[in-house]
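Understanding the architecture of this molecule
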There are 2 protein chains.
Amino acid sequence: MINDDEKYMREALAEANLAFEAGEVPIGAVIVFEDKIIGRGHNLRNLKGNPLCHGEISAINEAAEFMGDWRLENCTIYVTIEPCPMCAGAIIQARIPRVVFGARNSKFGCGGSILNILNEPRFNHQCEVTEGILEDEASEIMKKFFKRFRKNQE
Amino acid sequence: MINDDEKYMREALAEANLAFEAGEVPIGAVIVFEDKIIGRGHNLRNLKGNPLCHGEISAINEAAEFMGDWRLENCTIYVTIEPCPMCAGAIIQARIPRVVFGARNSKFGCGGSILNILNEPRFNHQCEVTEGILEDEASEIMKKFFKRFRKNQE
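Residues numbered from 1 in each chain as written. Chains lettered and ligands numbered in written order. Predicted model: local features only at pLDDT ≥ 70, side-chain atom pairs only at ≥ 80, totals over all residues. Heavy atoms only, no water.

**Quick word on the packing of aromatic side chains**
This structure, assessed with the given rule, holds 10 aromatic pairs over all chains. Look at Phe 145 of chain A and Phe 149 of chain A: their rings are 6.1 Å apart centre to centre, the planes differ by 20°, and that puts the pair in the stacked class. Residue Phe 145 of chain A and its partner Phe 149 of chain A are both found in helix 5 (residues 135–153); the two are separated by 4 residues, about one turn of the helix. Residue Phe 145 of chain A is classed as buried on the basis of its relative accessible area of 6%. Considering the side-chain rings of Phe 20 of chain B and Phe 145 of chain B, the 6.5 Å spacing of their centres and the 70° angle between planes classify their relative orientation as edge-to-face. (Phe/Tyr/Trp six-rings, centres within 6.5 Å; stacked < 30°, edge-to-face > 60°. Helix = DSSP H or I, 4+ residues; strand = E, 2+ residues; numbered from the N terminus. Buried < 20%, exposed > 50% of the residue type's maximum accessible area, 1.4 Å probe, protein only.)

Here you go:
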């Protein structure tokens, strides 16, 4: 299980890297169904001028098209950084049973850091959550991005 | 102000009605900027087979395209029913300053009913929220939908 988790988190990190190269906050996601990636995405909020263009949302969009269903049952979503409220909400709307993320986000994380949307007992869906997979790589690329960002601001 | 709120909530209700006619849970939304509707949408989750196809998400998508920016500053979103976690999260991601909704939703509402994503002091954006505008109409069409839905299930 851990090996598979690392394998797919590497794919999410590859997506995060595409965001980095595009000058966007480097967060990436992939969705896996029956050992196959059926959706992938990375943050492109600035380039697209669209607040919905987070990696998880793009990956869910692609996966729903693949499945022909709004229910992404038996899927796992891998995301490099703990999901924001919008993405955590989309994950439960899609009924994704399992979420694997790399590093926590203390500013907007909704897998327990600020709110716990992924595991709110009053909602009609709760996720199994695994965190800390390739955590160092996930947070390293974020630090690299914000270091460059601050340098460009000087 | 109330008159404008009612005027635009009628437009959101017209969107909800389109969802009703399509056999979808009847929730609708419009986004207003400088006294003009720049985005509209209604729930089409089943027909589109896509968990992202809530009215608010479609309206935000359209409004971002109109503005050419992910920041929907100086906009108001009107939605017939209190937003779910995904849509409340999208509203704060889009930095929409004002949210007007009709009726509360005790099962997934994130404008205070279950969680309060629209006004979480630890996030970097909080919304001014007005609720109860054309509340009866907003909840009536939902009741009508679920009554028909249950009848079809019998």
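**Section: the interface of chain A and chain B**
Contacts between the two partners involve 32 residues from chain A and, on the opposite side, 33 residues from chain B. Across the chain A to chain B interface the summed buried area is about 2700 Å²; carbon plus sulfur atoms make up 68%. The largest contributions to the chain A side of the interface with chain B come from Pro 51, Trp 70 and Gln 93 of chain A, which together make up 23% of the buried area. The tally of links from chain A across to chain B stands at 0 salt bridges. At the junction of chain A with chain B, the criterion picks out 8 residue pairs in polar contact (both at pLDDT 80 or more). Sorting the residues of the side of chain A that touches chain B by element identifies helix 2 (45–48), helix 3 (55–67) and helix 4 (85–93) of chain A as the ones contributing at least two each. Take the side of chain A that touches chain B: its biggest share by element is 6 residues, from helix 4 of chain A. A class-by-class count of the residues in the side of chain A that touches chain B yields 18 nonpolar, 7 polar and 7 charged. (Contact = heavy atoms within 4.5 Å. Buried area = accessible area lost by both parts, 1.4 Å probe. Salt bridge = Lys/Arg side-chain N within 4 Å of Asp/Glu carboxyl O. Polar contact = N/O pair within 3.5 Å; in protein donor to acceptor, adjacent residues only side chain to side chain. Nonpolar A, V, L, I, M, F, W, Y, C, P; charged D, E, K, R; others polar.)

**Structural notes on the pattern of salt bridges**
Residue and element names in this part refer to chain A. The tally for this structure, following the rule as stated, stands at 16 salt bridges over all chains. Taking the shortest distance from any N to any O, the salt bridge between Glu 15 and Arg 40 comes out at 2.7 Å. Taken together, the residues Glu 15 in helix 1 (residues 2–21) and Arg 40 in strand 2 (residues 36–42) connect sequence positions 25 residues apart. Residue class for Glu 15 comes out buried when judged on its relative accessible area of 6%. You can call Arg 40 partly exposed: its relative accessible area is 27%. Taken together, the salt bridges that share partners define one network made up of Asp 5, Arg 98 and Glu 128.

**Notes on the pairing of strand 1 (residues 28–33) of chain B**
Residue and element names in this part refer to chain B. In terms of burial, strand 1 is a largely internal element, 6 of the 6 residues being buried. A two-sided burial pattern is seen for strand 1, the buried positions comprising Gly 28, Val 30 and Val 32 on one face and Ala 29, Ile 31 and Phe 33 on the other. Pairing geometry for strand 1 and strand 2 (residues 36–42), over 6 bridges, is antiparallel. Within strand 2, the residue paired with Phe 33 across the bridge is Lys 36. Linking strand 1 back to strand 2 in an antiparallel pair, the connection comprises 2 residues, with Glu 34 at a positive phi of about 45°. As judged from the 5 bridges shared by strand 1 and strand 3 (residues 75–81), these two strands associate in the antiparallel manner. Bridge pairing in strand 3 links Phe 33 to Cys 75. (Pairing = 2+ DSSP bridges.)

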